[in-house]
Amino acid sequence: MSALRAGLARIACACALLSFATPAIAQQTLDIRAVVNDDAISAYDLAQRLNFIILTSALRDDAATRRGLARNVLQSLVDEALQLQEAKRLGVTVTKKEIDSAIALLERQNQMTPGSMETFLKSRDVDERTLKRQIESSLAWGNVVRRELLRTVSVTEEEINKTLERIKANADKPRILAAEIFIAVDSPRDEAASRTTAQRIFEQLGRGASFPQMARQFSQSASAIKAGDLGWVQAGELEPELDKALLEIPKGGVSAPIRTSTGFYILLIRDRNEPKSRSGDTLVSLRQVLLPLPPRAAPSEVASQQQLAETIAGSVSGCDDFSGVAKELGAGMSGDLGQVKLGELPAGLRAAVSPLAVGKASQPLVGPEGVRIFMVCERKSPNEAELPSRDEVERRLVMQRLELRARRYLRDLRESAFLEIRA
């Protein structure tokens, strides 16, 4: 009965609108392209969204473009209906003030005078309601996801540490100002359709479509609300396939669709910040073991201490083990040398220490006081000052997981809904 009442209400509403509509609009309003539970999406709704996307994305307005976009735009409208329905079920609302604020932000981003968006859209035969509905569904869904899912997402200290280690290991690689368009593959049956969607978007970009607008309209990542903007990222922060692409794509370049474990990504490289060559400023925490030699030591004494040093270097594992050996030998100059800059070390010592991995012993070095072995216990690149903080890494990891759960949430809504898609 509720579905019947809702259907009758839609018909009554449509009839009221049609009494004020032109014959063409009336015909489009009655032409239903999709039914989503108790909501209908008309040919008029679809045409208006297509008009808006073509206008804002600098696409060529022809039949081929509209045919290529129609399927994905209709799916977006279906998802918006599901998101608004779920928000309504949960009592999550979006105020007129919030929608107006979002429109004002769009006006500022596009260097438009305040309040001019409505006039601009009307002058291009675009119903302002198509923009407002898109904004409302985006805000409502964001509120639903935060309220229902955020508390279920957690990140461990170990995961943050591992991510930071990967980023630090790539500190000498460029930092990239990037943007993304993401098309999810939530199940094997989505593979072909998602690949086709990503390829069509890539082709439209090649014909001059606006990357920010295409990201806003089609990307299934949380970054879509920011036109796909990822900010400054570094190798180690993203999935391995994306890290590799970031280093290969030139400034201003757009990648072909990249398949990852979660779906297809198209990346835009907005800027590239090459790391400064300041290896001499690298800070190392250095420890040593000194095997002393007497003044004017005989070659046999030098050889004996050198052999012992090689044995120690080959057997110690990590800085704690190395410090234990230094303490056991009891030599006065063995132990922690503190933090030093590579550029301030003598040339011979710098050459021995520079290539050392953290926790690995150097080859023995023979000097006037004796035979020395060195170990780097910490290395801090001058570029590490530009690395993300623990809070930033945690926030990114949380958002990645939240996005994945939000997509599953929407997928479950699709699977449990009454959906009828008409050609």
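Residues numbered from 1 in each chain as written. Predicted model: local features only at pLDDT ≥ 70, side-chain atom pairs only at ≥ 80, totals over all residues. Heavy atoms only, no water.

**Quick look at the pattern of salt bridges**
Considering all chains together, one arrives at 24 salt bridges under this definition. Between arginine 411 and aspartate 412 there is a salt bridge, and its shortest N-O distance comes to 3.7 Å. The exposure class assigned to arginine 411 is partly exposed, which follows from its relative accessible area of 23%. Residue aspartate 412 is classed as partly exposed on the basis of its relative accessible area of 41%. Residue arginine 422 is joined to glutamate 420 by a salt bridge in which the shortest nitrogen-to-oxygen separation is 3.1 Å. If you follow the salt bridges from partner to partner, you end up with Glu191, Arg195 and Arg259 in one network. (Salt bridge = Lys/Arg side-chain N within 4 Å of Asp/Glu carboxyl O. Buried < 20%, exposed > 50% of the residue type's maximum accessible area, 1.4 Å probe, protein only.)

**A look at the confidence of the model for the protein**
Per-chain confidence: the protein averages 85 in pLDDT, with 89% of residues scoring 70 or above. For residues 1–20, every residue scores under 50 in pLDDT, and the model assigns this stretch eight contacts once sequence neighbours within four places are set aside. (pLDDT = per-residue confidence, 0-100. Contact = heavy atoms within 4.5 Å.)

**Some details on empty space enclosed by the protein**
For the structure on display, the rule yields one cavity of 30 Å³ or more. Looking at the largest cavity, its volume works out to about 40 Å³. Lining the largest cavity are Gly68, Leu69, Asn72, Thr197, Arg200, Ile201, Gln204, Met214 and Phe218. Elements with a contribution of two residues or more to the lining of the largest cavity: α4 (63–89), α9 (191–206) and α10 (211–218). (1 Å grid on protein atoms, 1.4 Å probe; cavity = no way out; pocket = protein on both sides within 12 Å on 5 of 7 lines; lining within 4 Å. Points joined across faces, edges and corners; volume = space filled by probe spheres on them. Helix = DSSP H or I, 4+ residues; strand = E, 2+ residues; numbered from the N terminus.)

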